[in-house]
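The lines below spell out each chain.
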Amino acid sequence: MQDTKKFIENLSGAGKSIGVLTSGGDAQGMNAAVRAVVRMGIYVGAKVFFIHEGYQGMVDGGDNIKEASWESVSSMLQVGGTVIGSARCKDFRTHEGRLRAALNLVQRGITNLCVIGGDGSLTGANLFREEWSGLLDELVQSCQISEEASQTHSALHIVGMVGSIDNDFCGTDMTIGTDSALHRIIEVVDAIMTTAQSHQRTFVLEVMGRHCGYLALVSALACGADWVLIPEMPPKDGWEEQMCHKLSENRADKKRLNIIIVAEGAIDQNNKPITTELIKDLVVRCLGFDTRVTILGHVQRGGTPSAFDRILASRMGVEAVLALLEASPGTPACVVSLCGNQAVRLPLMECVQMTQEVQKAMDEKRFEEAVKLRGRSFENNLNTYKLLSHRKMNAELPRSSFNVAVLNVGAPAAGMNAAVRSAVRVGITEGHTVFAVSDGFEGFSKGQIKEFKWGDVGGWTGQGGSLLGTKRTLPAKHIDKIAEQMRIHNINALLVIGGFETCDRIKQSASGTKHRVFIIETMGGYCGYLATVGGLASGADAAYIYEEPFDIRDLQSNVEHLTEKMKTSIQRGLVLRNENSSENYTTDFIYQLYSEEGKGVFDCRKNVLGHMQQGGAPSPFDRNFGTKIAAKAMQWISKKLKEFYREGRVFANTEDSACLLGMRRRALVFQPVIQLKDETDFVHRIPKEQWWLRLRPLMKILAKYKTSYDVSDSGQLEHIVRLRAKDISAI
Ligand code: ATP
């Protein structure tokens, strides 16, 4: 199909008014979504209105509905909760309430709504849209609006964004707030682990999720919990003995601490709640272990939004405005959601119905179906957890004669250890003998290689850096010695884990200071990913990268732009510079230029983030990504080993004998390294085509620059069922 390119410059919001509200439970990242809607709306020439206090503000009108300005959303990207307020509103559930809301909107000329909330809020929005023309007729009949006003405002367009920490909404991989909630949970688990290690304790931790086990499941994956209980997968009868058996087995294996994670809504096969107290009593009674209960509660909603949530919400906010601009009276209400790396639009009611079906399936005890309905990504999490947490007895394992080695290369990165743990355990489960190599290819050449057993990688998920040790040395230097080691140990396959970068480490927040510009240097070699995505997450004014060359005129216009901005109520500026973005326009140069030009308006501070970006405990995203991607890689290796095994030998003579596994748009793809050769810029060690470059205009738009933005990718309304069917390699 020939695709004609579509650019933002050709879309206009002139004459349109957009209302934005947050509804239901609050979630971190909602502010980032509001900010993006406001700025994108203003950028395309529309008027944007805040609707405070959710639907209540829409029903009550008055000061609750206020026009937003560019500056009114400054400095809110990093704030948790929702600045414009959220509420649960009884009135909106009544026809009377919705009639008043319609009047308030028509009086202000608002016929476009961005609703950020859970499935309840979005259902309400859809109902409102369906009733709209009837409501206007009533308002005309009661002479509250004129016939002409009714004609002008005859169509109401609605776009939803799912803001909910539970990740309980079908049709999106992630909802706004989920990743931040995971951060809070993992912070607590990491803290608990240190105390529990000293005392040999069992911790029972309750996390949120009355109807959805996502938070519990993914935190269990991210911390390698001993047991997890979620509503979608009630444990089989007799689970009590099994769990106690597992706990005592782990304890015998020198594991000093046990962690059991329980979703708020955990149930047994008979839909009876399984509470934390019940579990505690069970463990104490059967095993006599010192057992403590921690209920996390609202801590999970608190704190600043994670980088991931800020980026997700910003992308969704921009996409929501695009969807509103393109809506025609016949377009159904849609939600913007995330599929893999891509923002997509789905019919709102399809998603809501699917979400409700999950609950129905659980109520009717069709649990397997409930898991399937949650989507491939959820199912994949569950399968990976099962695979990694339940150690199989030797007798249960298939026996393969294959030997697989795992090693880390390049710079250490958070999440690497999670990947190694997963690879080792999946390898063992597949029946292979798994070897771990220390210090990368250099260690390999020196024979630093030993067999790893299940217990050798216990507790590795949460650790930063590379426990195996890693080196930047390329294999070519020692190729003969490496080959010899491979012969000695009869290695049939190699899993190389390296080159990950994380963006989560940039948490530099520059709020709270007056008229100051921060110049921050980020790592990444020649790759501007961290600077760009970090820029989007922190609301940067500019991000200088190697991939997008800049000259003195660009620097000048950036400085002038920032000086103008600082004359308004905006008080801080943030400029990111990738370490190798330019040989001569160094971080010092840029710092001095901004300092000189900003004299009397702002002062500057500079910060070279350096190795702190590689340090620290891995984020939940990196732990899970590392875990799942390594599991997938090891399973793929097993398949290939079997496929190419002939008379005692493994043949590695096809293109896909050496593959790179990575996320491309929506799916995980194994790509032969030989093909990557053409796509790689070896001098600068970056791909020739970088997907994230498409996010750069977005950052610029949100920082008030006019720019060209190719929006050809968005615009199509997809369907949830079709999406799930083709989404074969969900992460
Ligand atoms: P959370 O995931 O945090 O529970 P939610 O959006 O599902 O968020 P709800 O309390 O279900 O939270 O809904 C929020 C508000 O949306 C309600 O207080 C009500 O005003 C409106 N709403 C929900 N369902 C409907 C409905 N069927 N008809 C009209 N309005 C509704």
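Refer to the structure printed above.
All figures in this text were calculated on a predicted structure; none of them were measured in a lab. (Residues numbered from 1 in each chain as written. Predicted model: local features only at pLDDT ≥ 70, side-chain atom pairs only at ≥ 80, totals over all residues. Heavy atoms only, no water.)

Colleague: Honestly, the overall build of the protein in this entry has me stumped. Any pointers?
Modeller: Along the protein, the regular secondary structure elements total 23 helices and 25 strands. For 731 residues, the compact-globule estimate of 2.2 N^0.38 gives 27 Å, and the C-alpha radius of gyration of the protein, at 27 Å, lies within 12% of that figure. Its C-alpha atoms give the protein principal-axis dimensions of about 85 × 70 × 55 Å. For the protein, with 731 residues in total, the buried portion stands at 58%. A separation of at least 24 residues holds for 79% of the contacts in the protein among residues at least 6 apart in sequence. (Helix = DSSP H or I, 4+ residues; strand = E, 2+ residues; numbered from the N terminus. Rg over C-alpha atoms; globule rule 2.2 N^0.38 Å. Buried < 20%, exposed > 50% of the residue type's maximum accessible area, 1.4 Å probe, protein only. Contact = heavy atoms within 4.5 Å.)

Colleague: I would appreciate a short explanation of the packing of helix H3 (residues 95-107) against helix H4 (residues 119-141) in the present structure.
Modeller: For the pair H3 and H4, the least separation of the axes is 9 Å and the interaxial angle reads 75°. Classified by the angle their axes make, H3 and H4 are roughly perpendicular. Here His95, Arg98, Leu99, Ala101, Ala102, Leu103, Leu105 and Val106 of H3 come into contact with H4, specifically with Leu127, Phe128, Glu131, Trp132, Leu135, Leu136, Glu138 and Leu139. Partitioning the contact of H3 with H4 into residue classes produces 12 nonpolar, 1 polar and 3 charged. (Axes fitted to C-alpha atoms, helices over the stretch in contact; angles between N-to-C directions. Parallel < 35°, antiparallel > 145°, perpendicular 65-115°, else oblique. Nonpolar A, V, L, I, M, F, W, Y, C, P; charged D, E, K, R; others polar.)

Colleague: Could you clarify how one ought to interpret the layout of surface pockets in this entry?
Modeller: Any space left empty among the atoms is revealed by the rolling of a water-sized probe across them. What the second largest pocket holds in volume is close to 1,000 Å³. Residue lining of the second largest pocket: 38 residues in total, with Arg88, Gly118, Asp119, Gly120 and Ser121 positioned closest to the centre. Sorting the residues of the lining of the second largest pocket by element identifies H4 and helix H11 (348-363) as the ones contributing at least two each. Ranked by the residues each element gives to the lining of the second largest pocket, the list is headed by H4, at 6 residues. Residues belonging to the lining of the second largest pocket are distributed by class as follows: 10 nonpolar, 16 polar and 12 charged. (1 Å grid on protein atoms, 1.4 Å probe; cavity = no way out; pocket = protein on both sides within 12 Å on 5 of 7 lines; lining within 4 Å. Points joined across faces, edges and corners; volume = space filled by probe spheres on them.)

Colleague: How should the packing of H11 against helix H12 (residues 367-374) be read in this particular structure?
Modeller: Between two packed helices, what matters for the description is the angle formed by their axes and the separation of those axes. Where H11 meets H12, the axes come as close as 8 Å, and the angle between the chain directions of the two elements is 165°. Looking at the two axes, H11 sits roughly antiparallel to H12. In terms of crossing hand, the pair formed by H11 and H12 is left-handed. Here H11 contributes Met354, Glu357, Val358, Ala361 and Met362 to the contact with H12, which in turn contributes Phe367, Ala370, Leu373 and Arg374. (Left-handed = near helix turned anticlockwise from the far one by under 90°.)

Colleague: It is not clear to me how the sheet that holds strand S13 (residues 433-437) should be interpreted in this structure. Could you clarify?
Modeller: Each strand in a sheet pairs with its neighbour through backbone hydrogen bonds, running either in the same direction (parallel) or in the opposite one (antiparallel). Pairing is mixed across the open sheet formed by 4 strands, whose spatial order is S14-S13-S12-S15. Single-partner strands in this sheet number two, and they are strand S14 (449-451) and strand S15 (493-498). Between one strand axis and the next, the sheet turns by 25° as a mean value, whatever way the strands run. Inspection of the sheet shows S13 paired to S14 by 3 bridges, in the antiparallel sense. In the strand pairing of S14, Val437 is matched with Ile449. (Pairing = 2+ DSSP bridges.)

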